Number of protein chains: 2
Amino acid sequence: MRIDVKTAANFLMENNDYLILMHASPDGDTVGCGHALCGALQRMGKNARAVCPDEIPHRFDYMLRAVEAQDFEPKTVICVDVADTKLLNKMKSVGDTARLCIDHHQTNTDYAEMTLLDSECAAAAELVYEVIKALYVPFDKPLADCIYTSVATDTGCFKFSNTTSKTHRIAAEMIECGADFARINYVNFDLKTRGRIKLEQAVRENIAYFAEGHIALITVPLSLIKSISDIDEEDVGALSDFPRQIKGVDIGICLKEKKNGIFKVSLRSSERINAAKICERFGGGGHARAAGCSFEGGTLADAELAIVKACCETLEESGIK
Amino acid sequence: MRIDVKTAANFLMENNDYLILMHASPDGDTVGCGHALCGALQRMGKNARAVCPDEIPHRFDYMLRAVEAQDFEPKTVICVDVADTKLLNKMKSVGDTARLCIDHHQTNTDYAEMTLLDSECAAAAELVYEVIKALYVPFDKPLADCIYTSVATDTGCFKFSNTTSKTHRIAAEMIECGADFARINYVNFDLKTRGRIKLEQAVRENIAYFAEGHIALITVPLSLIKSISDIDEEDVGALSDFPRQIKGVDIGICLKEKKNGIFKVSLRSSERINAAKICERFGGGGHARAAGCSFEGGTLADAELAIVKACCETLEESGIK
């Protein structure tokens, strides 16, 4: 059942002993939502605990300060920023008992008893913010740090087209409530390990251009990832945006080799090209400007050929090249 | 004489035939201020023209659409984001006749008859925004594009510590007025020429670490800059932030060779180090986290030795190393 902010707040006031689930491969939004909501409920005198199926990256340590460890038996399961209980991995069965879900993904499977969803929100935390307001819990610095992190990380620091005026107004309020935004932005957007720099260098050394520079492709073979210590999944993921940032490029392709002969494509495009449509041809999908798909059973060169061919055809159809 | 927003607006209502000066080496803030103010005055039925001593970079072309060419003899000179008429280069003498200056630099020399200044503003455009409000000119899309560009570019897209809640609220309003923010951010923050990528690769290939990794240094010799076509002053300037982004680094140094044996240092530091104090030892200065100084008469190696030695001493004094 879809519900509004007021109903969600009433539910949270009436119940207790909350277990708040964040999605696996946790990002800034889910961690911010989980800890802001957990902290707010604790400040109301409720028992609450925020848990994640995966370890939370250390750069998010400051958000853990919004909550305190409490000893209690959870009764009420809530999911935040979790579109599908599959995204809870080993905690899927717990997620299937969720009474409330707060999310911003249009693809939400409505697995919870009640779902508070607004797909116009750049971050799920924009809804968590409204719920905390409706609960009359004031935002102290630790809560503000969480909400700020969520909205900043899900919008590339207010850069991407999903940002709205509401996103900016929430950020403004969190800054006034003491959010340590400059430090948060440094940690989430600027800080790089030496390994990440090595990885970026290696990948950028071999940019392949096609269709007179309208297409740029970078490849990330497993051997490269294995040769560099000090990098993680996120460092590899962050490469996806790079090729499309090159002047003149309408389609940026990042081709990554996963284990077991699987190749993953991340596509980024200009307004002239629909990235999702290209990826759908290979069973993938996504958004108009950012999409993805996978290739199995062939070589890196096979995958490269297939995706580049599809991109060239789309360029021709669109009259660009 | 320092004045407030209302006095500035009254002055603009009472006069006419405006020449609005932007500073040399124009950035997003001065160009945004110049064109937003010029466009607003034109919408009031006034004559106005925005001029810059240097050519305005093409990536700002969209801001030129906020104004139309008018044929008139200028009578009233206004400077925007110009702290000192020296920054007007060949137009200095015109700037010296300025009746009004709108600025956010604490270092403003009060050269104009009237100065509207607030150094708490992240961008001079935050004041131009208030003036336009006081003039009751509604923000249409072209004006909103200008103001949004100013506040976004002067804050590193709301990333830096100079950002305030007011900055975010102005951005929110400009988005509601139609600012094409995703496109503006792409052009100003993501887009890179192939030359810029080559330059970044070359510089990042040779990072020198000192003091057990607390100091990172990159050098940009003139020979490197000359070897790459398709790069400009700004591409070189953008390298300054990089060394401090490396994990573990408290002081990031970017050492650039200018013409005639001059070497320019850009220093970036963590909260534990005062970058301005280090640069002051060599006759430079700046802010606590970002400062600069120059070396003359020696070699690149001399400059490197001098600045690294000073940084090591500061690290020791601060008890870090």
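Residues numbered from 1 in each chain as written. Chains lettered and ligands numbered in written order. Predicted model: local features only at pLDDT ≥ 70, side-chain atom pairs only at ≥ 80, totals over all residues. Heavy atoms only, no water.

1. A look at the overall build of chain A
Consideration 1: Secondary structure summary: chain A contains 13 helices and eleven strands in total.
Consideration 2: Here the C-alpha radius of gyration of chain A, 21 Å, is about what a compact globule of 321 residues would show, namely 20 Å.
Consideration 3: Split into buried and exposed, the 321 residues of chain A put 55% on the buried side.
Consideration 4: Pairs at least 24 residues apart make up 65% of the contacts formed inside chain A by residues separated by at least 6 positions.
Consideration 5: In the structure as shown, chain A presents an accessible area of about 13,500 Å², 49% of it carried by carbon and sulfur atoms. (Helix = DSSP H or I, 4+ residues; strand = E, 2+ residues; numbered from the N terminus. Rg over C-alpha atoms; globule rule 2.2 N^0.38 Å. Buried < 20%, exposed > 50% of the residue type's maximum accessible area, 1.4 Å probe, protein only. Contact = heavy atoms within 4.5 Å. Areas by Shrake-Rupley, 256 points an atom, 1.4 Å probe, with all protein chains shown as cover.)

2. Quick word on unusual backbone geometry
If a residue is not glycine, its phi is most likely negative; likewise, a peptide bond is most likely trans.
Consideration 1: In the Ramachandran plot, E212 of chain A falls in the positive-phi region, its phi being about 50° despite a non-glycine side chain.
Consideration 2: At D81 of chain B, a position not held by glycine, the phi torsion is positive, near 65°.
Consideration 3: Looking at D81 of chain B, the relative accessible area reads 2%, which means it is buried.

3. Quick notes on the sheet that holds strand β5 (residues 114-117) of chain B
Residues and elements named next belong to chain B.
Consideration 1: If you walk across this open sheet you meet the five strands as β2-β1-β3-β4-β5, and the pairing is parallel. On the outer flanks of this sheet lie β2 (48-51) and β5, each paired with one strand and no other. The mean angle between the axes of side-by-side strands here comes to 20°, regardless of whether they run parallel or antiparallel.
Consideration 2: Pairing of strand β3 (residues 76-80) with strand β4 (residues 100-103) involves three bridges; the strand directions are parallel. What sits directly across from C79, in β4, is C101.
Consideration 3: Its contacts with the sheet put helix α5 (residues 125-134) on β3, β4 and β5, and the angle it makes with β4 is roughly 125°. (Pairing = 2+ DSSP bridges. Axes fitted to C-alpha atoms, helices over the stretch in contact; angles between N-to-C directions.)

4. Quick word on the confidence of the model for chain A
Consideration 1: With 100% of its residues at a pLDDT of 70 or more, chain A has an overall mean of 96.
Consideration 2: Confidence metrics for the complex model read pTM 0.93 and ipTM 0.92. (pLDDT = per-residue confidence, 0-100.)

5. Some remarks on the packing of aromatic side chains
Consideration 1: With the rule as written, the count across this model stands at nine aromatic pairs over all chains.
Consideration 2: Consider the rings of F158 of chain A and F158 of chain B, whose centres lie 6.0 Å apart with planes at 80°: the pair is edge-to-face. Of this pair, F158 of chain A sits in the loop between α6 (141-153) and α7 (165-176) while F158 of chain B is found in the loop between α6 (141-153) and α7 (165-176), placing the two residues in two different chains.
Consideration 3: The buried category is assigned to F158 of chain B, whose relative accessible area is 0%.
Consideration 4: What links up through ring pairs into an aromatic cluster is the set Y148, F158 and F181 of chain A together with Y148, F158 and F181 of chain B.
Consideration 5: Lying across the ring of F72 of chain A, R49 of chain A places its NZ or CZ 4.3 Å from the centre. (Phe/Tyr/Trp six-rings, centres within 6.5 Å; stacked < 30°, edge-to-face > 60°. Lys NZ or Arg CZ within 6 Å of the ring centre and 35° of its normal.)

6. Examining the relation of the copies chain A and chain B
Consideration 1: Superposing chain A onto chain B requires a rotation of 180° together with a translation of 0.0 Å along the rotation axis, leaving an RMSD of 0.0 Å. Here the two chains are linked by the operation of a two-fold rotation axis. (Least-squares fit on C-alpha atoms with pLDDT ≥ 70 in both.)

7. With respect to the interface of chain A and chain B
Put simply, an interface is often sized by how much accessible area is lost when its parts join up.
Consideration 1: Each side of the interface is counted separately: chain A has 42 residues, and chain B has 42 residues.
Consideration 2: Around 3,700 Å² of area is buried between chain A and chain B when both sides are counted, 52% of it from carbon and sulfur atoms.
Consideration 3: For the pair chain A and chain B, the number of links is eight salt bridges.
Consideration 4: Residue R183 of chain B pairs with E271 of chain A through a salt bridge whose shortest N-O separation is 3.2 Å.
Consideration 5: Here chain A and chain B share 27 residue pairs in polar contact (both at pLDDT 80 or more) between them.
Consideration 6: Counting only elements with at least two residues in the side of chain A that touches chain B, the list comes to α7, α8 (181-190) and α9 (194-204) of chain A.
Consideration 7: In terms of residue count, α7 of chain A provides more of the side of chain A that touches chain B than any other element does, eight residues in total. (Buried area = accessible area lost by both parts, 1.4 Å probe. Salt bridge = Lys/Arg side-chain N within 4 Å of Asp/Glu carboxyl O. Polar contact = N/O pair within 3.5 Å; in protein donor to acceptor, adjacent residues only side chain to side chain.)

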